[in-house]
Amino acid sequence: MSQPAESTTAGIALALAARRGAGSVKWAGAGTEFVFYEATLGGNREGYRIPRSVEFNTANNRGVTARSLQDQEMALARWAADNGIPTAGIVDMVEQNGSPVLILEVVDDDGSELSSATLGSVVAAMHRRPCPDITLVAQDGVPLAARLLHRLEGRYGELRQRHVLPVLPDSAALLATLESNTSAPRLTHLDLRRQNVRVRRGEPTSIFDWSNALVAPPELELARLEEYSIIEENGINFSAFLDGYAQGGGSIDVGSASWPLLRLDAAVMLAAVFDSVAPNAGLRDRFLSRTKTLVGQL
């Protein structure tokens, strides 16, 4: 389904603000699937998270409804608040012009560099908390190892249709590696980068955009972060993050047999994103090269 122009989401924001008696509506940011606006109500600011479409078909979300991602964002923001993880407060979820809109508090960002060590400590704390009792969109109702492998092989197969890549090892061997060499599952965010963290004086004050969340081994989170750290604008110093993660009580074996496979999951996803969703030939080629290297390590 095609995504509407941002003028459409602006119309939704203006209509919602008028309905709520709010004013001073302004654009506040945008991602692949959602656009953000701010408005003023009774002297206070509130944020509107508005989907670009009622259904998404991207490298990360195929045939996923906006409503399911909005419901998940609301549930996980509340879980984070209950468990001491930095987040924005949820005000309400409403339908406006046929779109589900999440209304939330506005958390300011001063533009400072994110402390990767502090983020590591926050993520370690998150990984120690009991998992939320909700069905996550990306989990797709499938046992985790099988879900990860199916997703990886699907994305990899699509990339091989357009680029020269080696054949993956046998599925049964890869599945056995995942099942035998990962830790107990925890809630993982799986899209932690500067763009999805509000920051003040280097400290993370709100983590948001839980669309990719999985109840998964924490190694998956860190493997993705190491790949993300290759992209400068993501603002992740992986070495500092690991130090903070360890200081926060986290422990990960980056030398396990599953580590190259978990990093491959991230590299393939990023190659697909920069090949289609957000075309960037330089980053696409960089992650295609990473993909070939990691396949060679399996």
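Use the structure listed above.
Residues numbered from 1 in each chain as written. Predicted model: local features only at pLDDT ≥ 70, side-chain atom pairs only at ≥ 80, totals over all residues. Heavy atoms only, no water.

S.K.: Which residues make up the packing of aromatic side chains, and what values go with them?
M.R.: For the coordinates displayed, the defined rule picks out 5 aromatic pairs. Here F241 and Y245 contribute two aromatic rings whose centre-to-centre distance is 6.1 Å and whose plane-to-plane angle is 20°, an arrangement assigned as stacked. With F241 and Y245 both in helix α7 (residues 238-247) and 4 residues apart, the pair spans about one turn of that helix. For F241, a relative accessible area of 0% corresponds to the buried category. An angle of 20° between the planes, with centres 6.2 Å apart, marks the rings of F274 and F287 as stacked. Separated by 13 residues along the polypeptide, F274 in helix α8 (residues 259-277) and F287 in helix α9 (residues 281-297) bring together distant segments of the chain. Side by side, F274 and F287 carry an identical accessibility label, which is buried. Through a chain of ring-to-ring contacts, the aromatic side chains of F238, F241 and Y245 assemble into a single cluster. The ring of F34 has R49 lying over it, and the distance from NZ or CZ to the ring centre is 3.7 Å. (Phe/Tyr/Trp six-rings, centres within 6.5 Å; stacked < 30°, edge-to-face > 60°. Helix = DSSP H or I, 4+ residues; strand = E, 2+ residues; numbered from the N terminus. Buried < 20%, exposed > 50% of the residue type's maximum accessible area, 1.4 Å probe, protein only. Lys NZ or Arg CZ within 6 Å of the ring centre and 35° of its normal.)

S.K.: Before we move on, can you summarise the pairing of strand β1 (residues 23-30) with the specific residues and values?
M.R.: As paired strands, β1 and strand β2 (residues 34-41) are joined by 5 bridges and run antiparallel to one another. Residue pairing in the sheet places G29 in a bridge with F36 of β2. Linking β1 to β2, which pair antiparallel, is a turn of 3 residues. (Pairing = 2+ DSSP bridges.)

S.K.: I'd like a description of the packing of helix α4 (residues 144-160) against helix α5 (residues 171-180), backed by residues and values.
M.R.: In the contact formed by α4 and α5, the axes pass within 9 Å of each other and the chain directions differ by 135°. For the element pair α4 / α5, the angle class is oblique. Read as a crossing pair, α4 and α5 show a hand that is right-handed. Across from A145, A146, L148, L149 and E153 in α4, the residues of α5 making contact are S171, L174, L175, L178 and E179. (Axes fitted to C-alpha atoms, helices over the stretch in contact; angles between N-to-C directions. Parallel < 35°, antiparallel > 145°, perpendicular 65-115°, else oblique. Left-handed = near helix turned anticlockwise from the far one by under 90°. Contact = heavy atoms within 4.5 Å.)

S.K.: Help me get a handle on the pattern of salt bridges, residues and values and all.
M.R.: Inspection of the entire model under this criterion finds 16 salt bridges. Residue D109 is joined to R194 by a salt bridge in which the shortest nitrogen-to-oxygen separation is 2.8 Å. Here D109, found in the loop between β7 (99-105) and α3 (116-128), pairs with R194, found in the loop between β8 (186-188) and β9 (197-200); they are 85 residues apart in sequence, far enough to count as distant. Among the salt bridges present, the one from R224 reaches D265, with a minimum N-O distance of 3.2 Å. With R224 in helix α6 (residues 218-228) and D265 in helix α8, this pair connects stretches of sequence that are 41 residues apart. Judged by relative accessible area, which is 3%, R224 ranks as buried. (Salt bridge = Lys/Arg side-chain N within 4 Å of Asp/Glu carboxyl O.)

No statement about biological role is implied by the geometric values presented.
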